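Each chain is listed here by its residues.
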Amino acid sequence: MMVDKNLHSKWILLLVSRPRLSPLQSKALRMALDNFEDWNTLLDLAQRKFASSFLYHHIENLSIDTVPPAVLDDLRRLDSQSKIVSMGTCHSLIDFHEKVIAPLGVPHCYFKGPVLAEVYYDEPSSRVCRDIDILVKPQDYSEVVISALKCGFGLGTTSGDVVDGNDGQTVEALLRFNSVVSLYSQNGAVIDLHRQIDYDLGVFATDFVLAQAKKVSFLGSRINVLCDEVLLCFLAYHGSRHVWSKMHWVYDFNAVLTPFEGDIDACRKCAKEIGVLNALDNVLLFNQEMNCDVFNKGVSQFSFRVSQILNDCFVSMDGDLEVELQMRRNFNFFQLPYSWLIDRKVWSRAFVRRVIVRLSPTFEQYQVLPLPRLLHWMYVPAKPLFAVLKRCRGK
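Because the structure is a prediction, the values reported are computed rather than measured.

Focus on the overall build of the chain
Working step 1: Secondary structure summary: the chain contains 18 helices and eight strands in total.
Working step 2: In terms of overall size, the chain behaves like a compact globule, its C-alpha atoms giving a radius of gyration of 22 Å where 395 residues would be expected to give roughly 21 Å.
Working step 3: Counting all 395 residues of the chain, 53% fall into the buried class.
Working step 4: Contacts in the chain between residues far apart in sequence, at least 24 positions, make up 69% of those at least 6 positions apart.
Working step 5: Per element, the accessible surface of the chain, about 18500 Å² overall, is 53% carbon and sulfur.
Working step 6: Distance between charge centroids for the chain: 7 Å, based on 43 positive and 44 negative side chains.

Shown next, in the form of structure tokens:
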């Protein structure tokens, strides 16, 4: 069996990705950084996995004096850069809200990113926020995009392809085929507009999520965000689906969990209604078992499901998004890493949704062969051929 040379660094990042450390965790971190040598690997991994600010703040808060001054300077610089990016993203959210969402008055809900950090983080700017996520009803989806285009926002796919907002046929195809699109502000911020927050399986029903939204004050504006219970359920599902490949998702879950400690029943009731109770329970177990000296405990010594989560998390930390996507492709029909991620009661609904998604035309097909709406049905029988051509091209 190959030895993971970066395992120590991975444990450190997983440990610091929480707002507060228990006395046992604090002691473990001190001991881990004492005589630590592979700082270049740790810094590189921390930056790629969005954990450099978490590492820096815990080192500062615990007054750990074994960190080389040059490393502290690098962490301080990365933290400052994170704050600048996050502040810019926050102002872009307000700009989008005041120009597009507020005038339309449509039901909406911001989730993840800057609003989560503002509501739940002690130091909101420590979270790297590169984009903005907002959910609207499917019937309001096109109206929001058209309004954004009129206000000067750009339009594209989440994979980075820019779409000409003046090309009505292409815009219509994009909105028809994609349940999430990217809008671009003039300063380069990305706003991902969703009509479903888990667009592959549809476990989190949009009407239910929007009905549970709560209002918060964000930089002087009143906006809607996910309620605490739905947010914690979503973070458990979302982080596990992405095999916890980014450390700010681990921190997010712990930050939102903090107000519920000792009284998690409301969240479990919400998770049961949605169909992700097993996901929530397993992530809670993962969080609970991390309260130990992880450096003197091998992965195999954790419970079976926590060992699964840790192994997949560490594998995903070795690569970029493509590694994570390949891991998901290797799993099951739902392309979920764990069968327990959705409860059995929603399997049939998720199965139907997954079949529909796999059979439906895609915007990629439209890009290869643009057809008017009346001929979009031709993409369905051509989809197998398109998949073969795509595979032959190595995409």
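Looking at the side chain of His 57
Working step 1: Mapping His 57 onto the fold places it in helix H4 (residues 52-61).
Working step 2: The exposure class of His 57 is buried, given its relative accessible area of 12%.

Observations regarding the pairing of strand E1 (residues 108-111)
Working step 1: By the alternation rule, side chains of E1 split into His 108 and Tyr 110 and Cys 109 and Phe 111, which are all buried.
Working step 2: Examined bridge by bridge, E1 and strand E2 (residues 131-136) share four bridges and lie antiparallel to one another. If you follow Cys 109 over to E2, its bridge partner there is Leu 135.

Things to note about unusual backbone geometry
Working step 1: Of note in the backbone geometry, Asn 35 takes a positive phi value of approximately 65 degrees without being a glycine.
Working step 2: Its place among the elements puts Asn 35 in the loop between helix H2 (23-33) and helix H3 (39-48).
Working step 3: The exposure class assigned to Asn 35 is exposed, which follows from its relative accessible area of 66%.
Working step 4: For Ser 63, which is not glycine, the phi torsion reads 50 degrees and is therefore positive.

Side note on the packing of helix H12 (residues 265-274) against helix H13 (residues 277-289)
Working step 1: The contact between H12 and H13 brings their axes to 7 Å, and the two run at 140 degrees. The orientation of H12 with respect to H13, classified from their angle, is oblique. For the pair H12 and H13, contact is made by Cys 267, Arg 268, Ala 271 and Lys 272 and by Leu 277, Leu 280 and Asp 281, respectively.
Working step 2: When the residues that make up the contact of H12 with H13 are grouped by side-chain class, the tally is four nonpolar, no polar and three charged.

Remarks on the pattern of salt bridges
Working step 1: Overall, the coordinates contain twelve salt bridges when judged by the stated rule.
Working step 2: Arg 76 is paired through a salt bridge with Asp 73; the nearest N and O atoms lie 2.9 Å apart. Linking Arg 76 with Asp 73, this pair stays in helix H5 (residues 69-104), spanning three residues, or about one helical turn.
Working step 3: A relative accessible area of 34% places Arg 76 in the partly exposed class.
Working step 4: Relative accessible area serves as the criterion here: at 45%, Asp 73 is assigned to the partly exposed category.
Working step 5: The closest approach of N and O atoms between Glu 172 and Arg 373, which form a salt bridge, is 3.1 Å. Highlighted residues: Glu 172 in helix H8 (residues 168-177) and Arg 373 in the loop between helix H17 (363-368) and helix H18 (379-392), separated in sequence by 201 residues.

Re the pairing of strand E5 (residues 180-184)
Working step 1: Of all the five residues making up E5, five are buried; the element is thus mostly covered by neighbouring parts of the structure.
Working step 2: Every second residue of E5 is oriented toward a common face, with Val 180, Ser 182 and Tyr 184 on one face and Val 181 and Leu 183 on the other, all of them buried.
Working step 3: Across three bridges, the pairing between strand E3 (residues 154-156) and E5 is antiparallel. Following the sheet pairing, Leu 155 is matched in E5 by Leu 183.
Working step 4: Taken together, the five bridges between E5 and strand E6 (residues 190-194) define a ladder with antiparallel strand orientation. Bridging across to E6, Val 181 finds its partner in Leu 193.

What counts, and at which threshold
Residues numbered from 1 in each chain as written. Predicted model: local features only at pLDDT ≥ 70, side-chain atom pairs only at ≥ 80, totals over all residues. Heavy atoms only, no water. Helix = DSSP H or I, 4+ residues; strand = E, 2+ residues; numbered from the N terminus. Rg over C-alpha atoms; globule rule 2.2 N^0.38 Å. Buried < 20%, exposed > 50% of the residue type's maximum accessible area, 1.4 Å probe, protein only. Contact = heavy atoms within 4.5 Å. Areas by Shrake-Rupley, 256 points an atom, 1.4 Å probe, with all protein chains shown as cover. Lys, Arg positive; Asp, Glu negative; His and termini not counted. Charge placed at Lys NZ, Arg CZ, Asp CG, Glu CD. Pairing = 2+ DSSP bridges. Axes fitted to C-alpha atoms, helices over the stretch in contact; angles between N-to-C directions. Parallel < 35°, antiparallel > 145°, perpendicular 65-115°, else oblique. Nonpolar A, V, L, I, M, F, W, Y, C, P; charged D, E, K, R; others polar. Salt bridge = Lys/Arg side-chain N within 4 Å of Asp/Glu carboxyl O.

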